[in-house]
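Results of the structural survey
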Amino acid sequence: MTQDDDLDVLVRQRIRGLRVARGWTLDELAARAYLTPSTLSRIETGHRRIALDQLAPIARALNTTLDQLVESGRDEDVVIRPHHDDSRGMTTWLLNREGTPAGMTVAKLRVDRPVPADLRVHPGRDWFVVLSGTVILRLAERTITVRAGEAAEFSTMVPHAFGSAGGPAEVLCILDQEGERSHLRPDRS
């Protein structure tokens, strides 16, 4: 089988899988996509080539995008490998792919450093939940202890920095674009 054939099979499986997951019959999806049930059946079973003018309405009817229907199913997309930054005392797992809508980044961090002395400011807001350990959050003159099971949310226009206390801490965080630049990328002084 060629790579094109593999993708063709994958797209057909996705169409059928999304239809079945929604509990729709062929007739229901066909009506929503302005196709005949026979055409849709032949598309799903591989007895008809999929044309772009058919795929776009099918994607809309399934409340998905063409990109999502035709993206490759590469195995390397499955495993998220950590990035170690010993100089910053952090290990990072980026949990969402680049180009995620809304410009947000979801990451797991292992923090093994004290709170840095220099506090940073950037537009936006940061959110995090401590999965294990203890995080010390500095917000301007305030020092806040955030323990496992607790979360924090704050304006990043307030000078801030965070570190761990008493050993490594693991954090799940949501960062906007400015937060990603500030917290996940190495210093660019």
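If you're wondering where the values come from, they're calculated on a predicted model, not measured in any experiment. Chains are numbered independently. Their residues run from 1 in the order of the written sequence. Reporting of local features is limited, given that this is a predicted model, to residues whose pLDDT is at least 70; pairs of side-chain atoms are given and counted only at 80 or more, and all residues count toward the totals for whole chains, interfaces and linings. Processing note: side-chain calculations cover all non-hydrogen atoms of the structure and skip hydrogens and water entirely.

**Overview of the overall build of the protein**
Within the protein one finds six helices and nine strands. Within the protein, buried positions represent 34% of all 189 residues. Partitioning the contacts of the protein with sequence separation of at least 6, the portion at a separation of at least 24 is 60%. Note on areas: Shrake-Rupley with a 1.4 Å probe; residue coverage comes only from the protein chains shown. A total of about 11500 Å² of accessible surface is found on the protein, and carbon and sulfur atoms cover 52% of it. To qualify as a helix, a DSSP run of H or I must reach at least 4 residues; to qualify as a strand, a run of E must reach at least 2; elements of each kind are numbered from the N terminus. Only protein chains enter the accessibility calculation, which uses a 1.4 Å probe; a residue is then buried when its area is under 20% of its type maximum, exposed when over 50%, and partly exposed in between. The contact criterion used throughout is that any non-hydrogen atoms of two residues lie within 4.5 Å.

**A word on the nonpolar core**
Within the largest apolar cluster, 17 residues are counted, with the highest numbers of intra-cluster contacts made by Leu-109, Phe-128, Val-135, Leu-137, Phe-162 and Cys-173. Counting only elements with at least two residues in this core, the list comes to strand E3 (105–111), strand E4 (125–132), strand E5 (134–139), strand E7 (151–155) and strand E9 (169–175). In terms of residues, this core owes the most to one element, E9, which gives four residues. Not counting chain neighbours up to four residues away, the residues in contact with Phe-128 comprise Val-135, Leu-137, Val-146, Glu-150, Ala-151, Ala-152, Phe-154, Val-171, Leu-172 and Cys-173. We call a set of buried Ala, Val, Leu, Ile, Met, Phe, Trp, Tyr and Cys residues a nonpolar core when their side-chain atoms join them within 4.5 Å. The next biggest cluster of nonpolar side chains, apart from the first, holds 15 residues, and it includes Val-11, Leu-29, Ile-43 and Leu-69.

**Thoughts on empty space enclosed by the protein**
Cavity means a closed set of points on a 1 Å grid over the protein atoms alone, one where a 1.4 Å probe fits but cannot get out, pocket means an open set with protein on both sides within 12 Å along at least 5 of 7 lines, and lining means a residue has an atom within 4 Å of a point. Grid points are joined across faces, edges and corners, and a volume is the space filled by probe spheres set on the points. One pass over the structure, following the stated rule, counts two cavities of 30 Å³ or more. What the largest cavity holds in volume is close to 80 Å³. Around the largest cavity, the lining comprises 11 residues; the ones closest to its centre are Leu-109, Phe-128, Phe-162, Cys-173 and Leu-175. Within the residue set of the lining of the largest cavity, elements represented by two or more residues are E4 and E9.

**Some details on the pairing of strand E2 (residues 90–94)**
Walk down a regular strand and you will see the side chains alternate between the two sheet faces. Burial analysis of E2 places four of its five residues in the buried class, which makes it a mostly covered element. As judged from the three bridges shared by strand E1 (residues 83–85) and E2, these two strands associate in the antiparallel manner. The partner of His-84 across the bridge, within E2, is Thr-91. Two strands pair under a simple rule: DSSP has to find at least two bridges between them. Here E1 folds back onto E2, and the loop between the two strands holds four residues, one of which, Gly-89, carries a positive phi near 70°. As paired elements, E2 and E3 share five bridges and run antiparallel to each other. Bridged to Leu-94 within E3 is Ala-107.

**A closer look at the packing of aromatic side chains**
Note on ring pairs: Phe, Tyr and Trp rings are taken, using the six-membered ring of Trp, and paired if centres are within 6.5 Å. Classes follow the plane angle, with under 30 degrees stacked, over 60 edge-to-face and the rest tilted. Applying the stated criterion across every chain, the model contains two aromatic pairs. With centroids separated by 6.5 Å and ring planes inclined at 75°, the aromatic side chains of Phe-128 and Phe-154 adopt a geometry described as edge-to-face. A residue pair is termed long-range when its members are at least 10 positions apart, and Phe-128 in strand E4 and Phe-154 in strand E7 qualify at 26 residues. Under the relative-accessibility criterion, Phe-128 is labelled buried at 7%. Phe-154 sits in the buried class, given a relative accessible area of 5%. A centroid spacing of 6.1 Å and a plane angle of 35° characterise the contact between Phe-128 and Phe-162, whose relative ring orientation is tilted. Of the two residues, Phe-128 sits in strand E4 while Phe-162 sits in strand E8 (residues 160–164), which places them 34 residues apart along the sequence. Ring pairs connect the aromatic residues Phe-128, Phe-154 and Phe-162, which therefore count as one cluster. Over the ring of Trp-93 we find Lys-108, and its NZ or CZ is 4.7 Å from the ring centre. Our definition puts a charge over a ring when NZ of Lys or CZ of Arg is within 6 Å of the ring centre and also within 35 degrees of the ring normal.

**Observations concerning the sheet that holds E4**
Strand pairing in a sheet relies on backbone hydrogen bonds. The paired strands run either parallel or antiparallel. One open sheet holds the six strands; their spatial order is E1-E2-E3-E9-E4-E7, and the pairing between them is antiparallel. Both outer strands of the open sheet, E1 and E7, are each paired with one neighbouring strand and no more. Along the sheet, successive strands turn relative to each other by an average axial angle of 25°, direction set aside. Note on method: axes are straight lines fitted to C-alpha atoms, helices fitted across the in-contact stretch only, with angles between N-to-C directions ranging 0 to 180 degrees.

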